[in-house]
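# What the coordinates show
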Amino acid sequence: MEEELKCPVCGSVFKEPILLPCSHNVCLACARSISVHTPDGEPPVQQSRASASSDYDYLLDVDKMSLYSETDSGYGSYTPCQLKSPNGVRVFPSSAAAAQRLCSLTCPLCHRSVSLDERGLRGLPRNRLLEAIVSRYQQHRAVSSSSSSSGAPKCQLCDRNPVDAAVMCEQCDVFYCNACQQRCHPSRGPLAKHRLVPPPTHQPGHAASAAAGQPPATARKPATCVEHEAENFVMYCCSCRAPVCAKCVEEGRHAKHDVKPLALMWKQHKCQLSQALNGVSDKAKDAKEFLVQLKNMLQQIQESGVEFEACLVAQCDSLIEALTRQKAKLLTKVTKEKEYKLKVARDQITHCTMKLRQTTGMMEYCLEVLKENDPSGFLQISDALIKRVTSSQDQWVKGNLEAKVGPEFHLTLNTDSLLQTILQLDFCQGKVETGPSVPPAPLLQLEKCCSRNNSATLAWRVTAAQANPIEGYILELDDGNGGQYREVYVGKETVCTVDGLHFNSSYNTRVKAYSAIGVGPYSKTVVLKTSDVAWFAFDPTSAHRDIVLSNENQTVSCNSYDDRVVLGTAAFSKGVHYWEVCIDRYDNHPDPAFGIARINTMKDMMLGKDDKAWAMYVDNNRSWFMHNNSHTNRAEGGITKGSTVGVLLDLTKHTLTFFINKEQHGPTAFESLDGVFMPAVSLNRNVQVTLSTGLELPKNRKQ
């Protein structure tokens, strides 16, 4: 409400406000400063109140009054402007000579002009209602200030420990200390027009009396007529829309106008104002709700912007990732071409060097022969030498002295169309409004997708919010050989780990979403490659209870004199795999067994005694192969402390082979192996072994 109580000229609260014919208010002192004095002998322009509501009359009056405006070149010199108010309204100095002249007044808000009669500003009514409201507002403000602070007002812009205010801006209504005023409210630019005044000092006694509800010292006097100052307003002129006294109705210019009792019109206008306020109140409520929506939209825009930026980064990263993969492929081709050229050139250099050495040696020998003076001896070898020289000369034909490869790489990469497409990459403007639709293709988050051993973890997300909620996702993988896709996960989660994949294989993966409307399209295909070699440890969950694991489950021993079985954490169904077991402790010549087994093999007997395990058991002198309690292929040579036992599982040939100290031990142990196998060891308390994985295949294999 404070803005309603400020004068448009000085920017402070109204002091002795007067009401202009256009229904705007100005302070009496401000009205004096903005009044325009016409030159002597110039008749004032009369303006009828009855025509105040006519737009045509208003425009006509403005046109007439432009003769006396300060911007008109005819009379601008009679009222020179020297000052400006804080709100930018020009202020004209008053003088005794100008007081005798006729005046006109221009409203600083609507710029409508009014001519003043011989009474001057006394002819305009004083807005006592506004004056009373200003008085109540100032009393309430003084009480509030007194209750909030008993001393001088503090700076309202200090971050911590505000100091006493040095000035107050009447337009901003803010208290400043000297530092904050220089930093936040400098006296230049647009703020140069603001008026800075010393802060008011509080008077506790006066504020306390006001807070106690004591009435002002003088009661408000009833309003009197401007033309008949002794008469109070008792009637209301509907034609002029102004209160009038009884004399104005009887003998004044309102005698023939439509007048009604003042109290009746007061109640009627109060009722109209109340009804209008109800309508405005409803609109204000709507505006508040709209503001709340806009403020909520700020947060939504911020969140949507962050999400969209992340989506854009992911899309661009996927393009960069695809380009990086393609670059690697192209570099591989270039590397192969380079290696081929280097190999051909080196072979040609070696061959040419060898032939040149032979030719040089032959030439030196022939020269020595030519130096001999024995005709018969020369003729004995001359025919052979001539044939050798001729043959050697034929070998150095033109074709043999030309390079088989050149330094140029005849590979051309055309990137013009791709570069043009990238430069034209842009957003599609606008949003196509459609009916309910299936969910969009999810976006696989490459930075979260990974593979470890024969397991793959995939993560995805939806690029935009949907009107119809997504009920779940379907993740599909192929067989690792580019074959048919199969469903590996159906559910609401957006992260999934798939176990039991083949080692050294590349899997194509894709995902799609579904809702009540239907199933959406697939995402872009992502290729995940499993490990070339297997890294694993012993599995404590499936081991016999007498088994003791240590060294992060890489070392195994046993508490029992009987043989106990422990399996590895990896399962193999494809590829070639090799691992070794190092003998850390070997006492009393036991016979531990090493090999492979199904997951449900017996754990309380030697490995290989049932039909679910294939093993080699070995002591310090000899070894045997065993499956389903059948002992075969006895071989000489055993193990001691520090020995290594290697296991080679070749599922491409479906064979199992054993090694001792890097050398193949015996023939191929087992053939026709098919299915899923796990590394396995059986031992008793006299043996301790340590597992080594991720090894290269042995090179001295017997075919």
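Residues numbered from 1 in each chain as written. Predicted model: local features only at pLDDT ≥ 70, side-chain atom pairs only at ≥ 80, totals over all residues. Heavy atoms only, no water.

### A look at the overall build of the chain
For the chain, the count of helices and strands is 10 helices and 34 strands. Counting over 703 residues, the chain shows a buried share of 34%. Partitioning the intrachain contacts of the chain with sequence separation of at least 6 by distance along the chain shows that 59% fall at a separation of at least 24. Carbon and sulfur atoms make up 54% of the accessible area of the chain, which amounts to about 43700 Å² in all. (Helix = DSSP H or I, 4+ residues; strand = E, 2+ residues; numbered from the N terminus. Buried < 20%, exposed > 50% of the residue type's maximum accessible area, 1.4 Å probe, protein only. Contact = heavy atoms within 4.5 Å. Areas by Shrake-Rupley, 256 points an atom, 1.4 Å probe, with all protein chains shown as cover.)

### As for the confidence of the model for the chain
Averaged over the chain, the pLDDT score is 81; the fraction of residues at 70 or greater is 84%. In the model of the chain, helix H2 (residues 55-65) stands out as the element of lowest mean pLDDT, 38, in contrast to strand E26 (residues 593-597), which has the highest, 96. This model gives residues 40-100 a pLDDT under 50, and the stretch forms 81 contacts once residues within four places in sequence are excluded. Per-residue pLDDT stays below 50 along residues 204-218; that stretch engages in seven contacts with residues further than four places along the chain or on separate chains. (pLDDT = per-residue confidence, 0-100.)

### Notes on the pairing of strand E19 (residues 495-498)
Residues Cys-496 and Val-498 point to one face of E19 and are all buried, whereas Val-495 and Thr-497, pointing to the other face, are not buried. With four bridges joining them, strand E16 (residues 455-461) and E19 adopt antiparallel strand pairing. Looking at E19, one finds that Ala-456 is bridged to Val-498. (Pairing = 2+ DSSP bridges.)

### With respect to the sheet that holds strand E9 (residues 174-176)
Strand order in the open sheet made by the three strands is E9-E8-E10, with antiparallel pairing throughout. Two strands close off the open sheet at either side, each with one partner strand: E9 and strand E10 (196-197). In this structure, strand E8 (residues 167-169) lies alongside E9, joined through three bridges in antiparallel fashion. Looking across to E9, one finds that Val-167 is bridged to Tyr-176.

### Observations regarding empty space enclosed by the protein
Across all of its chains, the model carries three cavities of 30 Å³ or more by this definition. Here the largest cavity defines a volume of roughly 70 Å³. Forming the boundary of the largest cavity are 13 residues, of which Val-533, Ala-534, His-577, Tyr-578 and Leu-695 lie nearest the centre. Along the lines of polarity and charge, the residues of the lining of the largest cavity split into nine nonpolar, three polar and one charged. (1 Å grid on protein atoms, 1.4 Å probe; cavity = no way out; pocket = protein on both sides within 12 Å on 5 of 7 lines; lining within 4 Å. Points joined across faces, edges and corners; volume = space filled by probe spheres on them. Nonpolar A, V, L, I, M, F, W, Y, C, P; charged D, E, K, R; others polar.)

### Some details on the packing of aromatic side chains
Inspection of every chain in the model, using the stated rule, returns 11 aromatic pairs. Their ring planes at 85 degrees and their centres at 5.4 Å tell us that Trp-614 and Phe-677 sit as a pair that is edge-to-face. Highlighted residues: Trp-614 in strand E27 (residues 613-618) and Phe-677 in the loop between strand E32 (663-664) and strand E33 (678-683), separated in sequence by 63 residues. Exposure class is identical for Trp-614 and Phe-677. Each is buried. One aromatic cluster in this structure is built from Phe-503, Phe-536, Phe-572 and Trp-579. Above the face of the Tyr-485 ring, Arg-510 is positioned so that its terminal group lies 3.8 Å from the ring centre. Just above the ring of Tyr-561 sits the side chain of Arg-685; from NZ or CZ to the centre is 4.7 Å. (Phe/Tyr/Trp six-rings, centres within 6.5 Å; stacked < 30°, edge-to-face > 60°. Lys NZ or Arg CZ within 6 Å of the ring centre and 35° of its normal.)

### Some words on the nonpolar core
Grouped together as the largest cluster of nonpolar side chains are 38 residues, with contacts concentrated most on Phe-572, Phe-594, Leu-649, Leu-656 and Val-689. Sorting the residues of this core by element identifies strand E23 (555-558), strand E25 (576-586), E26, E27, strand E30 (644-650), strand E31 (655-660), E33 and strand E34 (687-692) as the ones contributing at least two each. For this core, the element with the highest residue contribution is E25, accounting for four residues. Membership of the second largest hydrophobic core comes to 25 residues, among which are Cys-7, Ile-18, Leu-20 and Cys-27. (Core = buried A, V, L, I, M, F, W, Y, C linked by side-chain atoms within 4.5 Å.)

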